[in-house]
Amino acid sequence: MAIATKIIQQSDATKQGEQQGESVRELTGSEIICEALMHEGVTLMYGYPGGAIMPFYDALTSYPTLHHVLVRHEQAAAHAADGYARATGKAGVCVATSGPGATNLVTGLATAFMDSTPVVAITGQVASQFIGRDAFQETDIIGVTQPITKHNFLVRNVAELAEAIHEAFRIARSGRPGPVLIDVPKDVQFARTTYRASDYVTSDEYLRSIAAQTSRPSEYILKEAAQLIAQAKQPLIMAGHGVVLSNAYGELKAFAEKTSIPVITTLLGLSALSDAHPLHIGMPGMHGPAHANHAIGAADLIIGVGLRFDDRVTGNVSKFATNAQIIHIDIDASEMHKVKVATVPIVADAKVALAALNEVVAPADHSAWLGEIRSWQAAAEGRSQQIKRDDTIPSPIDILSTIRDVTKGEAIVVSDVGQHQMWTARFYEWTRPNSHITSGGLGTMGFALPAAMGVKMGVPDAPVWVVAGDGGIQMNIQELATLRQEGLNIKIAIMNNGYLGMVRQWQQFFHSRNYSETPITGPDHVKLAEAYGLVGIRVTKSEEVEAAVKRAMEIAGPVVVEFIIESEANVYPMVAPGTGITTMIEETAEGSTHNG
Amino acid sequence: MANPTSVATRAGTTNAPEGTDRLHILVILVEDRPGAIDRVVGALRRRRANTQSLTMSQTGKPNMVRVTALVKDAEVVIDQVIEQLRKIVDVRQVVNATDKQAVLRELALITVDIKSAGLHAIIEVAHQFGASVADVTADSVILEITSDAQTLEKLIEALQAFGIREIARSGCVALVAGGE
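Residues numbered from 1 in each chain as written. Chains lettered and ligands numbered in written order. Predicted model: local features only at pLDDT ≥ 70, side-chain atom pairs only at ≥ 80, totals over all residues. Heavy atoms only, no water.

Colleague: Tell me about the overall build of chain A, residues and numbers included.
Modeller: Of the regular secondary structure elements, chain A holds 24 helices and 22 strands. The dimensions of chain A, computed from C-alpha atoms along their principal axes, are 105 × 65 × 45 Å. The buried share of chain A, taken over its 596 residues, is 57%. When contacts within chain A are restricted to residue pairs at least 6 apart in sequence, those whose partners lie at least 24 apart make up 75%. (Helix = DSSP H or I, 4+ residues; strand = E, 2+ residues; numbered from the N terminus. Buried < 20%, exposed > 50% of the residue type's maximum accessible area, 1.4 Å probe, protein only. Contact = heavy atoms within 4.5 Å.)

Colleague: Describe the packing of helix H11 (residues 219–231) of chain A against helix H16 (residues 350–360) of chain A, naming the residues involved and giving the relevant values.
Modeller: Residues and elements named next belong to chain A. In the contact formed by H11 and H16, the axes pass within 9 Å of each other and the chain directions differ by 65 degrees. Seen from above, H11 lies across H16 with right-handed handedness. Residues Leu222, Ala225, Ala226 and Ile229 of H11 lie in contact with H16, whose contacting residues are Ala356, Leu357 and Val360. Considered class by class, the residues forming the contact of H11 with H16 number 7 nonpolar, no polar and no charged. (Axes fitted to C-alpha atoms, helices over the stretch in contact; angles between N-to-C directions. Left-handed = near helix turned anticlockwise from the far one by under 90°. Nonpolar A, V, L, I, M, F, W, Y, C, P; charged D, E, K, R; others polar.)

Colleague: Tell me about the environment of Ile148 of chain A, and please be specific about residues and values.
Modeller: Residue and element names in this part refer to chain A. As for its position among the elements, Ile148 is in the loop between helix H7 (141–145) and strand S6 (151–154). Along the backbone, Ile148 and Val106 are 42 residues apart, and their C-alpha atoms lie at a distance of 8.0 Å. Residues contacting Ile148, with those up to four places away along its chain left out, are Val106, Leu109, Ala110, Phe113 and Pro179.

Colleague: Let's hear about the sheet that holds strand S3 (residues 64–73) of chain B: which residues, and what values?
Modeller: Pairing between the strands of a sheet comes from backbone hydrogen bonds, and it takes one of two forms, parallel or antiparallel. Residue and element names in this part refer to chain B. Read from one edge of the open sheet, 4 strands run S2-S3-S1-S4, paired in antiparallel fashion. Two strands in the sheet have a free side with no partner beyond their single neighbour: strand S2 (51–58) and strand S4 (91–96). Here the strands of the sheet are splayed against their neighbours by 15 degrees on average, with no regard to which way each runs. For S2 and S3, the ladder comprises 7 bridges, and the chain directions are antiparallel. (Pairing = 2+ DSSP bridges.)

Colleague: Describe in detail the sheet that holds strand S20 (residues 559–564) of chain A, supporting the description with residues and values.
Modeller: All names here are of chain A. Read from one edge of the open sheet, 6 strands run S16-S15-S17-S18-S20-S19, paired in parallel fashion. Each edge of the open sheet is held by one strand with a lone partner, namely strand S16 (436–437) and strand S19 (535–539). Where strand S17 (residues 464–469) meets strand S18 (residues 490–496), 6 bridges bridge the pair, whose relative direction is parallel. Bridge assignment links Ala468 to a residue of S18, and that residue is Ile494.

Colleague: I'd love a proper account of the packing of helix H18 (residues 396–406) of chain A against helix H19 (residues 419–427) of chain A, names of residues and values included.
Modeller: Residue and element names in this part refer to chain A. At a minimum axis separation of 10 Å, H18 and H19 run at an interaxial angle of 55 degrees. The pairing of H18 with H19 is recorded here as oblique in orientation. In terms of crossing hand, the pair formed by H18 and H19 is right-handed. Residues Pro396, Ile397 and Leu400 of H18 touch H19, and the partners they reach there are Trp423, Thr424 and Phe427. Of the residues in the contact of H18 with H19, the class split is 5 nonpolar, 1 polar and no charged. (Parallel < 35°, antiparallel > 145°, perpendicular 65-115°, else oblique.)

Colleague: Now, about the pattern of salt bridges: what can you tell me, with residues and values included?
Modeller: For the structure on display, the rule yields 39 salt bridges over all chains. Note that Arg156 of chain A is salt-bridged to Glu160 of chain A, the shortest N-O span being 3.6 Å. Residues Asp99 of chain B and Arg22 of chain B are paired through a salt bridge, measuring 3.1 Å at the closest nitrogen-oxygen approach. One end of the pair, Asp99 of chain B, is in the loop between S4 and strand S5 (102–113); the other, Arg22 of chain B, is in strand S1 (residues 22–31), with 77 residues separating them in the sequence. Residue classification places Arg22 of chain B among the partly exposed residues on the basis of a relative accessible area of 32%. One network of salt bridges, with partners in common, ties together Arg176, Asp332, Glu335 and Lys338 of chain A together with Lys87 of chain B. (Salt bridge = Lys/Arg side-chain N within 4 Å of Asp/Glu carboxyl O.)

In structure tokens form, the structure reads like this:
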């Protein structure tokens, strides 16, 4: 009898040991979310608690390896997760409660969706029995976010929860990345079920498994492309965000060098190839330099890699690249022929496609063509240098080149949206891969400051600069409190011209200088920084720029540097909306002029 | 739903040559998960597909819904729409059945006034098109027809003279011959 009891006890102990070894435990839904996040390798998330997500926040304190950053507005949580994703290539995670918490994420999710970045949003939802009854803080966030997410889940049962989390990460990160939202009713967060991590395929495992299956484009299509490339006299490569997302820097450089084809980088493709590379010729489109747009107009072949021929790139589509055949490489089949009909469409990952293409193309020399483009560049720069400018106040170009020089090109620059964004894109010399982060597709003012938090926490060793306007910085200014709380060493340059500058510029050019609602006042940015416990510096003279940037870098913490710039400076050249990109408004000594 | 005779104007992108639009039959198999049909309909709306009819119903497979969409558009636009639909996570398959040997059927119920011409005259016309009587009241008859859309249109035209009170059409369903 005694022996029998002992044996039973032993077998129970063994069974328990086995269970612990396999980590099969009964957990609450909230704990399962935390465990699944950890299984996905998540260490960081941005969020804001509220009624319908409280069980999750209750569980969170038991998982000290999950660092939760309390933002001051849910929109900032989404942008910070987005910034983290852009800087690291991993999924960024944000958390919000139901109703207003969830709807505050919307702008951030739309931003991530337009720029194809992997963000996973977890929202609390009212308890299942209240869904559809207009309960307190109930919003149909699945319906609201349907057109701005790659996918979304309403978790109806705790048994579906773990798979929903892991599937969300797999969807967000695979193929063309994008944001995924998981809506978890409060009762599901409380409900219990067993969880064993090894039952689920993580996004890392999934990406590895599909990488093995990713075949190169067919030999037939590669041959077609190679033939077009061999025949082209004036070819151009246009590199977009896809090159950055697929980490194809080396492949792009090798392909361009072997074929000696000049490279244009789009706004989100900036830093895909170093600006210092002899084949790099700049950014296309509405605010691209004249020579880049003229090159597109003169090109007989465009090899578009990981770009979607956005209207800010093409201008009037019927006048875009009229002499060119098009090889279009994109991982998303629905991008093919969407804007421009491609002569050779290649649906593939940019890295895989460029490597495969590089094997089949013949070395070529296009130095005469490059020389022609450079001569256009020299002519435009010569015209620009003849214009006399007020050199006593800080110029945007000077501010940007100073930041670059002081940080030795090692900084990651996160720009907001407007004139300063275009100046940053154009006049900062991008040499560090993936060093330019901005909201391209959606053009979201208020993006830069919160996104920079994600960038800095994802790449802590890099100097991180925010460049924003005096309008946009107000849109998420509350995050200065989060910077202070997290001790994030981010430097914030505000270009203050007292206007919503880009809108004012459009009003000047296209609405007879009717400056309707564009003059804007702001707070005293130095005092504001101090109020948040940060250091504030104001720069009003051009000779103070360098000392201010240096001082900001010497201070071991967040610094706000406000630059008072010319109030009616414009971004030149500019392609008027609806016109072809080779027709630009250029700056002249007398003002601006339309120039073909 | 868009006016059948109009083709949606597009924002200068994917400029399909004028007059190249025609009716396409898209058969879409969707996993039956919350919001899945929403996503299909939403994608058609967002991408401005000129949708003429839309039906959904269970399939022989568990948890799968079959959506049949008739979209009037040019080839290049349809290919775009199909690729957009294929990106939806819940969508398992999209087939453009237009150029395949497919059987198309639509059901219509038509209430016709019998006061002016009498029941027999109406039934005579109905039989010519293979329609049958589903219900009769003192002053009206409900005709039922299952046919391709063209026959259906012709019947409706023929019945106009008697006075049509109401029409309920199911929208089109399609099967590719020899499929699966």
